[in-house]
Amino acid sequence: MFWRTIIINCRECGARLRKYYSGSLRVGPEFATCRKCGVVGRTGAFEWANLSQWRRIEVFFTEDVVVLLALLAYSVYVFVTTANGDDRFIAKSGIVATTGFVLLLWFGRVVEVLRSRRRTRENQ
Ligand SMILES: [Zn+2]
């Protein structure tokens, strides 16, 4: 599943370099300096500038987002097809909640992309 802990260790001393809570494609600094030994290692993330068109789409359609969009589609379907007031209320809550979560996730990723673009511009 997508909610799994990923730990990136320093290849030199084994100290923890990064800890992620999902295995999804991530935008961020590609290299980090180990706090323990000072060796520079890969973080497992990628700068926006180094991602292909498809990988960029993948940043915004990770498994968590796809699951939320599927729940959103189902909520809309229930809302449109049912006449029962209680079911419609639950469906409406589902629409609001899933839309909110997706927007929140996307907002965070847009911020990461903007930061990444600033970083790569500074390095040129
Ligand atoms: Zn190290």
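All residue numbers here refer to positions counted from 1 along the written sequence of the relevant chain. For this predicted model, a pLDDT threshold of at least 70 governs which residues receive local features, and a threshold of 80 or more governs which side-chain atom pairs are given and counted, while totals over whole chains, interfaces and linings are taken from all residues.

Right, let's get into the packing of helix 2 (residues 63-81) against helix 3 (residues 85-122). Each axis is a line fitted through C-alpha atoms, taken for helices only over the stretch in contact, and angles between the N-to-C directions span 0 to 180 degrees. Runs of E in the DSSP output that reach at least two residues are strands. Runs of H or I that reach at least four are helices, and both are numbered from the N terminus. Following both chains from N to C, one finds helix 2 and helix 3 inclined at 155 degrees, their axes separated by 8 Å at the closest point. In terms of orientation, helix 2 and helix 3 fall into the roughly antiparallel class. Seen from above, helix 2 lies across helix 3 with left-handed handedness. Residue-level contacts link Asp 64, Val 65, Leu 68, Leu 69, Leu 71, Leu 72, Ser 75, Val 76, Val 78 and Phe 79 of helix 2 to Asp 87, Arg 88, Ala 91, Lys 92, Gly 94, Ile 95, Thr 98, Thr 99, Phe 101, Val 102 and Leu 105 of helix 3. Polar here means any residue outside two lists: the nonpolar Ala, Val, Leu, Ile, Met, Phe, Trp, Tyr, Cys and Pro, and the charged Asp, Glu, Lys and Arg; Gly therefore counts as polar. When grouped by side-chain class, the residues that make up the contact of helix 2 with helix 3 number 13 nonpolar, four polar and four charged. Working rule for angles: under 35 degrees goes down as roughly parallel, over 145 as roughly antiparallel, 65 to 115 as roughly perpendicular, anything else as oblique. The hand of a helix crossing depends on one turn: near helix anticlockwise from the far one by less than a right angle means left-handed, and clockwise means right-handed. Working definition of a contact: two residues with C-beta atoms, positioned from the backbone, lying within 7 Å.

Our next topic: the pairing of strand 2 (residues 16-20). Both faces of the sheet carry side chains from a regular strand, because those side chains alternate between them. Here four bridges tie strand 1 (residues 6-9) to strand 2, and the two strands are oriented antiparallel to one another. Counterpart to Ile 7 in the pairing with strand 2 is Lys 19. Taking the residues between adjacent antiparallel strands as the criterion, strand 1 and strand 2 are bridged by six residues, where Gly 14 takes a positive phi near 85 degrees. If DSSP finds at least two bridges between two strands, the strands pair.

Any functional reading would require information that these geometric values do not contain.
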